[in-house]
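Chain by chain, the residues run as shown.
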Amino acid sequence: MHDLAFFRSNFDRVAERLLTRGPLPGLERFRELDRTRRTAISEAEQLKARVNQESAEIGKLRRQGEDTTARQEQVRSMKEQIAGLDEQVKKLDSEFQELLAGFPNLPHESVPVGKDAEDNVEVRRVGQPRQFDFEPKAHWDLGPELGILDLERAAKISGARFALYWGLGAKLERALINFMLDVHTREHGYTEVLPPFMVNSDSLFGTGQLPKFKEDLFRCEGRDLWLIPTAEVPVTNIYRGETLEPGDLPIRLCAYTPCFRSEAGSYGRDVRGIIRQHQFQKVELVKFTRPEQSYDELERLTADAEDILRRLGLPYRTVVLSTGDMGFGSAKTYDIEVWLPGQNGYKEISSCSNYEAFQARRAGIRLQSGKKTEYAHTLNGSGLAIGRTWVAIVENCQQKDGSVIVPEALRPYLNEEVIRPRT
């Protein structure tokens, strides 16, 4: 959320930057409300000055024995007007806060201006897509042939966009979770946490999913509990309503959780396979930093996520998202996209974002700065999405005979070197 006073006093500059993200009709409503509010405040202040003046004059006249009934009635009338104007300002302030809650974050100055994903800018590419001497298959064919993925039975159990893993398919998923957590905690300096998988509405407001993205979430009927769309939500809210000490920052946390998303806005994208699921697993990286260190920490967070792909030998590229393609709360985002030969293209496997003070202001996560407090900066990114990493391994490491070579980094976790087709 934005700082209301800053938004008002810098409206034209803020609006110009926000509009690089796309049309925002609420901006004109904000301007209209601001004019109405300023007028109401001005009228109330003028009336209060008149009340003070009249009250002093009434006191003087009463000491002189004069009748002040009419003037007292006039003062009462002005006080009623003032109360009405104060109530109007209170209601306007409430609407201001609702509008602010729906405005996305300001893009950082280094973010390329653009309309959509076509305007994203590649910053690096690591590894070369493998040249196959046979036609590579997509994971939705390979998985069933290997006997490690069953989408038909998953659909019978739960419906579309769910997966059932068998044998080494399930074990590969578990191996990836343990591998990522071990790397991030032992080598990248993160502390592992295991948060709740359900959260309340305040938590989702704090990280920006509510109220704007309600349709993307699953709610427990009759209770203020929602299934988490990402570990970002419970982990960021660990410090909701708290004041952090500068000496404790940066705080670097990582968590494995399942994630639940309705995919309300996917409109038929990635309908085959397990790229876009209602339930999937992810290892998430979350940071709390001082404002002056947050962009250095964004680079480090992105590098930590990339390191997982490097260790697995998977080719990828990293792009910085344009203003028109960024998420609601982000000030700057890097997307890491892994190469999927079965689909002949790169697919996002991690988004690493700096939210600056946007989430912290919504969640009340403050930082003690001398005698004053300011808002901490929050960052998060996938380190990585487990299902998509599973897909990348199966598709990139497939062999002509239908088997899949297990990356060396995973062999201690899987206790297998090859996943072979079922006979």
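What counts, and at which threshold
Residues numbered from 1 in each chain as written. Predicted model: local features only at pLDDT ≥ 70, side-chain atom pairs only at ≥ 80, totals over all residues. Heavy atoms only, no water. Helix = DSSP H or I, 4+ residues; strand = E, 2+ residues; numbered from the N terminus. Salt bridge = Lys/Arg side-chain N within 4 Å of Asp/Glu carboxyl O. Core = buried A, V, L, I, M, F, W, Y, C linked by side-chain atoms within 4.5 Å. Buried < 20%, exposed > 50% of the residue type's maximum accessible area, 1.4 Å probe, protein only. Contact = heavy atoms within 4.5 Å. Axes fitted to C-alpha atoms, helices over the stretch in contact; angles between N-to-C directions. Parallel < 35°, antiparallel > 145°, perpendicular 65-115°, else oblique. Nonpolar A, V, L, I, M, F, W, Y, C, P; charged D, E, K, R; others polar. Pairing = 2+ DSSP bridges. Disulfide = S-S within 2.5 Å.

Caption draft 1: Region of the structure containing unusual backbone geometry. For the bond running from Leu210 to Pro211, omega is 5 degrees, close enough to zero to count as cis. Examined against the element boundaries, Pro211 turns out to sit in the loop between helix H8 (201–207) and strand S6 (218–219). Of the consecutive residues Leu249 and Pro250, the connecting peptide bond is found in the cis state with omega at 0 degrees. You will see that Arg161, though not glycine, has its phi angle at about 65 degrees, which is positive.

Caption draft 2: Just the pattern of salt bridges, in detail. Scanning all chains against the criterion turns up 27 salt bridges. Salt-bridge contacts for Glu32 lead to Arg29; the nearest nitrogen and oxygen are separated by 2.9 Å. With Glu32 and Arg29 both in helix H3 (residues 26–63) and three residues apart, this pair spans about one turn of that helix. Here Arg252 ties to Glu297 by a salt bridge, and the two come within 2.8 Å at their closest N and O atoms.

Caption draft 3: Region of the structure containing the nonpolar core. Formed by 49 residues in total, the largest nonpolar core has its most connected members in Leu172, Leu176, Trp390, Ile393 and Leu410. Of all the elements, helix H7 (residues 167–186) adds the most residues to this core, at eight residues. Apart from the residues lying within four places of it in its own chain, the contact partners of Leu176 are Leu312, Ile386, Thr389, Trp390, Ile393 and Leu410. Counting residues in each nonpolar core, the second largest holds 17 residues, with Met1, Phe7, Leu18 and Leu100 among its members.

Caption draft 4: View of the packing of helix H2 (residues 11–18) against H3. Close contact between H2 and H3 brings their axes to 11 Å; oriented N to C, the two are set at 170 degrees. Relative to H3, H2 is oriented roughly antiparallel. Taking contact as the criterion, the partners of Phe11, Asp12, Ala15 and Leu18 in H2 are, on H3, Leu27, Phe30 and Arg31. Counted by class, the contact of H2 with H3 contains five nonpolar, no polar and two charged residues.

Caption draft 5: The sheet that holds S6, seen in detail. Strand order in this open sheet of three strands is S5-S7-S6, and the pairing throughout is antiparallel. The strands lining the two open edges of the sheet, one partner per strand, are strand S5 (198–199) and S6. Across two bridges, S6 lies against strand S7 (residues 226–227) in antiparallel orientation. Paired with Phe218 across the strands is Leu227, a residue of S7.

Caption draft 6: Focus on the pairing of strand S12 (residues 332–340). Extensive coverage of S12 is indicated by the burial of nine of its nine residues. Here S12 shows no split at all, with Lys332, Tyr334, Ile336, Val338 and Leu340 on one side and Thr333, Asp335, Glu337 and Trp339 on the other all buried. One ladder, built from five bridges, connects strand S11 (residues 316–320) with S12; its direction is antiparallel. The partner of Arg317 across the bridge, within S12, is Glu337.

Caption draft 7: Region of interest: the state of the cysteines. Using the criterion set out here, one finds zero disulfides in the structure. Free of any disulfide, Cys259 has its nearest neighbouring cysteine sulfur in Cys254, separated by 14 Å. Classification of Cys259 as buried rests on a relative accessible area of 0%.

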